[in-house]
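Fold and contact review
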Amino acid sequence: MPTIHVMSPTLASQVAAGEVVERPASVVKELVENSLDAGAKSVRVEIRRGGVGLIRVTDDGCGMSREDASLCAKRHATSKLSSLEELFEITHLGFRGEAIPSIASVSRFKLCTRQQQALEGWEVRIDGGMEYEPRSSGVSPGTAIEVADLFYNTPARRKFLKSAETEASHVEHQIRLHALAFPQVRFTYRRDDQLVFDLPATTDLRVRISALTDPATAAALIPIEATTGPGISVSGYLLPLSEARRTRKGQYVFINTRPVEDQLINRAIRDGYGGFPTGLHPALFLYMEVEPALVDVNVHPAKKEVRFRRAADVVNTIVEAIANTLQRHARQAPLPAAPTPDEQPSEPFPPPGPAGNEFETMVPSPVTISPPKIPVFTSPMERPQGTSETSPISAARPISLRQVPPTQGRLDFQDKACSRPDAAPGTERRTERRTEKDLSADFKYLGTLHQQFALFETPEGLVLMHPKAARERIIFERLRAHRQAPMPSQHLLDPVMLDLDPRDFAVIQQFAPHFDQAGLTVTPFGQNTIRIESIPALLELDNAKAFLLELVDRLTQSEFSRNAKRMAYETFIAEIAKKSAWKERISPHRAPAILKELLACEVPYCTPAGKPTLVNYSIPEIKRKFGMQA
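What counts, and where the lines are drawn
- Residues numbered from 1 in each chain as written.
- Predicted model: local features only at pLDDT ≥ 70, side-chain atom pairs only at ≥ 80, totals over all residues.
- Heavy atoms only, no water.
- Helix = DSSP H or I, 4+ residues; strand = E, 2+ residues; numbered from the N terminus.
- Buried < 20%, exposed > 50% of the residue type's maximum accessible area, 1.4 Å probe, protein only.
- Contact = heavy atoms within 4.5 Å.
- Areas by Shrake-Rupley, 256 points an atom, 1.4 Å probe, with all protein chains shown as cover.
- Pairing = 2+ DSSP bridges.
- pLDDT = per-residue confidence, 0-100.
- Expected span 1.5 Å × (residues − 1).
- Bend = angle between axes of the 7 residues up to and from the residue.
- Polar contact = N/O pair within 3.5 Å; in protein donor to acceptor, adjacent residues only side chain to side chain.
- Axes fitted to C-alpha atoms, helices over the stretch in contact; angles between N-to-C directions.
- Salt bridge = Lys/Arg side-chain N within 4 Å of Asp/Glu carboxyl O.
- Core = buried A, V, L, I, M, F, W, Y, C linked by side-chain atoms within 4.5 Å.
- Parallel < 35°, antiparallel > 145°, perpendicular 65-115°, else oblique.
- Left-handed = near helix turned anticlockwise from the far one by under 90°.
- Nonpolar A, V, L, I, M, F, W, Y, C, P; charged D, E, K, R; others polar.

Overview of the overall build of the protein
If you tally the helices and strands in the protein, you get 17 helices and 24 strands. Buried residues in the protein amount to 53% of all 630 residues. Taking contacts inside the protein between residues at least 6 apart in sequence as the whole, the part at least 24 apart equals 72%. Split by element, the accessible area of the protein, about 29300 Å² in all, is 53% carbon and sulfur.

Written out as structure tokens, the structure is:
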């Protein structure tokens, strides 16, 4: 067994850097927090090559003396804690004294600082943990820190970084968080020598939010009623339910000006809304002031998570603030309903009368496309899995998907391809290729139920089919079979401009070639702005922004999946299949033919989104309902 020894200071700092310095955005976070703790009124951040080449943070704070500049690079050297009691009432963003030495151990580090009343400043250089003697320097009052060649001496860590565009988007998001937490501070951000934003100081939080979002989002802000509880106060702004996302990218939560991510707060937000569709998260800007003694911020290396000493008081105050705000706003102007994009016409079969044109072609006929309307953001996102349907089909037991070999002459529905509630387009497991045998031969058509569902008798019992859900699956698989060729697109007379979150912008840039394959042409147009030049010819797109954000959320959730690129294409064709199927007028006499086409599909028993197309009631189950022996 190797003998025990004490790690060298450089090695210890590099080990600590594994927790503190995850990526360039982590470096920006630590340096900006130090600037804010120093009382800066202006913070300027510059990066190159996504922050790997260079990170420079300059402030006009209090600055440091020669002795302090030398000590700040030592491990556990801090000016913010001097006793054990202060550890339980932390009022600063940084306090551990680990950030500077950890950063300096994996980069070429230079610090220039000068106190306001001093005649000269000081420069400290550290290369990979090797510190040089401080020297005098003529600099402006405040502190400027340069971090160059991040991870140059730890190449294994560097391999885990994403592209320069992705890393830059995380850096920008981190700066935006601090800009939202400190509206009274001016923030300037430059990327590769280009100005991204210059936010002047303001006392009006709405002005800062407006500068970091688009005008429509700023106009939709709903002020949260200021609410106080035992040792806590809550304020901020809500956004309409139409701005909900599949991820929490729209949620900004701050505790004592510290950006945090906490499951307890997330649940309290949902409870404040009176519940929320599973899989969606409301958007808001939540600011909490908590007595320092009642919150512990020393539970996570990056200080993102917190622990509350009286969690019930925190939850109750947040719930009360949000609920009261929604009630007040509902009295003044009713909020739009939560996104329920699967609210489709409830009559798959048209009522008695002249039948409409039947849908018999392989793919839907092209529709007339008008430029998307952007001002009203009504999300077209599909209903999250796990929520109840308005259709009676949700009350039945969905057919599962294991197929017995056709030679047995019957079907046993026990495959798991559609059993996952979060199944996304293109993620279902490939089933065995079906034979030429007509699998619908064992299904005897009985009629319709409430002009909505087709009823079939089988040797096993009773099967209900939702015709439009079945057509959605049929159209999807036919379109997917031709994915080798680009999908037809239609150019917009007036291209649509969208301002996006930097992280969403990076995802769209990453998958832009696959958008082209699906018929959607998206090009960058300035910082975090994209231009939609064409859309799929078969897709009626009333709200380009909501549709793109839905797609981005799905791609983000499958970032590490090998199917992520394929999803960029299949999500489009799933949307086309859904819109086309639900626009059809299907006559009852077509139900047997639709069933035959459905059973010929690779995954016939669910839609691309994982919702059932067929529901089975077995004879033993029906007998149990009547109290008979199975």
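Re the pairing of strand β20 (residues 461–465)
Burial within β20 is extensive, with 4 of its 5 residues counted as buried. Inspection of the sheet shows strand β19 (residues 453–458) paired to β20 by 5 bridges, in the antiparallel sense. Of the residues in β20, the one forming a bridge with Ala 454 is Met 465. Looking at chain direction, β20 and strand β24 (residues 614–618) are connected through 5 bridges and run antiparallel. Pairing of Gly 461 across the sheet is with Ser 618, part of β24.

Considering the confidence of the model for the protein
With 71% of its residues at a pLDDT of 70 or more, the protein has an overall mean of 76. Predicted confidence for residues 338–345 stays below pLDDT 50, and this span has 24 contacts to residues more than four positions away or in other chains. Per-residue pLDDT stays below 50 along residues 419–436; that stretch engages in 47 contacts with residues further than four places along the chain or on separate chains.

Quick word on helix α13 (residues 502–517)
Here α13 contains 16 residues, and its C-alpha end-to-end distance of 23 Å stays within 8% of the 22 Å for a straight helix at 1.5 Å per residue. At Phe 511, α13 shows its largest bend, some 60 degrees, and a proline, Pro 513, comes one to four positions later. Taking the backbone nitrogen of Arg 503 as reference, a side-chain oxygen 2.8 Å away marks Asp 501 as the first, capping residue of α13.

Concerning the sheet that holds strand β22 (residues 521–524)
A sheet is described by the order of its strands in space; here 3 strands give the open sequence β21-β23-β22, paired in antiparallel fashion. The open sheet is flanked by β21 (489–499) and β22, the only strands paired with a single partner. Between one strand axis and the next, the sheet turns by 20 degrees as a mean value, whatever way the strands run. Two strands pair when backbone bridges link them, and β21 and strand β23 (residues 529–536) are joined in this way by 7 bridges, in the antiparallel orientation. Each bridged residue has a counterpart across the sheet, and for Leu 498 the counterpart in β23 is Ile 530.

With respect to the pattern of salt bridges
In total, this model carries 23 salt bridges according to the counting rule given. Across the pair Asp 198 and Arg 186 runs a salt bridge, and its minimum N-O distance is 2.7 Å. Highlighted residues: Asp 198 in strand β9 (residues 194–199) and Arg 186 in strand β8 (residues 186–191), separated in sequence by 12 residues. By relative accessible area, which is 32% here, Asp 198 ends up partly exposed. On the basis of relative accessible area, Arg 186 is assigned to the partly exposed category, the value being 38%. Among the salt bridges present, the one from Arg 245 reaches Asp 504, with a minimum N-O distance of 3.3 Å. Here Asp 504 lies in helix α13 and Arg 245 lies in the loop between β12 (232–238) and β13 (251–255), a separation of 259 residues in the sequence. There is no split in this pair, since Arg 245 and Asp 504 are both buried. Each of Arg 44, Glu 46, Arg 56 and Glu 146 takes part in a single network of salt bridges with overlapping partners.

What to know about the environment of Gly 50
Examined against the element boundaries, Gly 50 turns out to sit in the loop between β1 (42–48) and β2 (54–59). Of the residues examined, Gly 50 reaches a relative accessible area of 2% and is grouped as buried. The spacing of Gly 50 and His 170 is 120 residues in sequence and 8.9 Å in space, taken between C-alpha atoms. The residues contacting Gly 50, other than those within four sequence positions of it, are Pro 24, Ala 164, Glu 167, Ala 168 and Val 171.

Things to note about the sheet that holds β24
Here we have 4 strands laid out as an open sheet, ordered β18-β19-β20-β24, and antiparallel in their pairing. Among the strands making up the open sheet, the edge pair consists of β18 (444–449) and β24. Averaged over all adjacent pairs, the angle separating strand axes in this sheet is 25 degrees, with direction ignored.

Things to note about the pairing of β23
Each regular strand displays side chains that alternate between the two surfaces of the sheet. Among the 8 residues in β23, 6 count as buried, and that is most of the element. Summarising the sheet, β22 and β23 pair through 4 bridges and their orientation is antiparallel. Of the residues in β23, the one forming a bridge with Pro 524 is Ile 530. The turn linking β22 back onto β23 is made up of 4 residues, and Gly 526 within it adopts a positive phi angle of 90 degrees.

With respect to the nonpolar core
What tends to happen in soluble globular proteins is that the nonpolar side chains get buried as a cluster. The biggest cluster of nonpolar side chains holds 58 residues, and the ones touching the most others in it are Val 43, Val 45, Phe 109, Val 147, Phe 187 and Tyr 189. When residues of this core are assigned to their parent elements, the largest contribution, 7 residues, is made by helix α7 (residues 164–181). Among all residues touching Val 45, those that are not within four sequence positions of it are Val 28, Val 32, Arg 56, Val 57, Ile 175, Thr 188, Tyr 189 and Arg 190. Ala 244, Val 253, Tyr 273 and Val 290 belong to the second largest nonpolar core, which has 32 residues in total.

Some points on unusual backbone geometry
Peptide bonds are, in most cases, trans, and in most cases residues other than glycine have a negative phi. Although it is not a glycine, Arg 49 adopts a positive phi angle of roughly 50 degrees. Tracing the sequence through the fold places Arg 49 in the loop between β1 and β2. In the Ramachandran plot, Gln 451 falls in the positive-phi region, its phi being about 55 degrees despite a non-glycine side chain. By secondary structure assignment, the location of Gln 451 is in the loop between β18 and β19.

Quick look at the packing of helix α2 (residues 24–37) against α7
Across the interface, α2 lies against α7 with an axial gap of 8 Å and an inter-helix angle of 25 degrees. Taken together, α2 and α7 sit at an angle that is classed as roughly parallel. Where α2 crosses over α7, the handedness of that crossing is right-handed. Packed against α2, whose contacting residues are Pro 24, Ala 25, Val 28, Lys 29, Val 32, Glu 33 and Leu 36, the element α7 presents Glu 167, His 170, Val 171, Gln 174, Ile 175 and His 178 at the interface. Residue composition of the contact of α2 with α7, by class: 7 nonpolar, 3 polar and 3 charged.

Brief notes about the environment of Phe 182
Checked against the element boundaries, Phe 182 lands in the loop between α7 and β8. Since its relative accessible area comes to 11%, Phe 182 is described here as buried. Taking C-alpha positions, Phe 182 is 9.6 Å from Lys 41, a pair spaced 141 residues apart along the chain. Once residues within four sequence positions are removed from consideration, Phe 182 is found in contact with Leu 36, Leu 93, Phe 187, Arg 208 and Thr 257.

Some words on helix α12 (residues 467–480)
Its 14 residues place the ends of α12 20 Å apart at the C-alpha level, agreeing with the 20 Å of an ideal helix rising 1.5 Å per residue. Judged by how many residues are buried, α12 sits mostly within the fold: 13 of 14 residues are covered.

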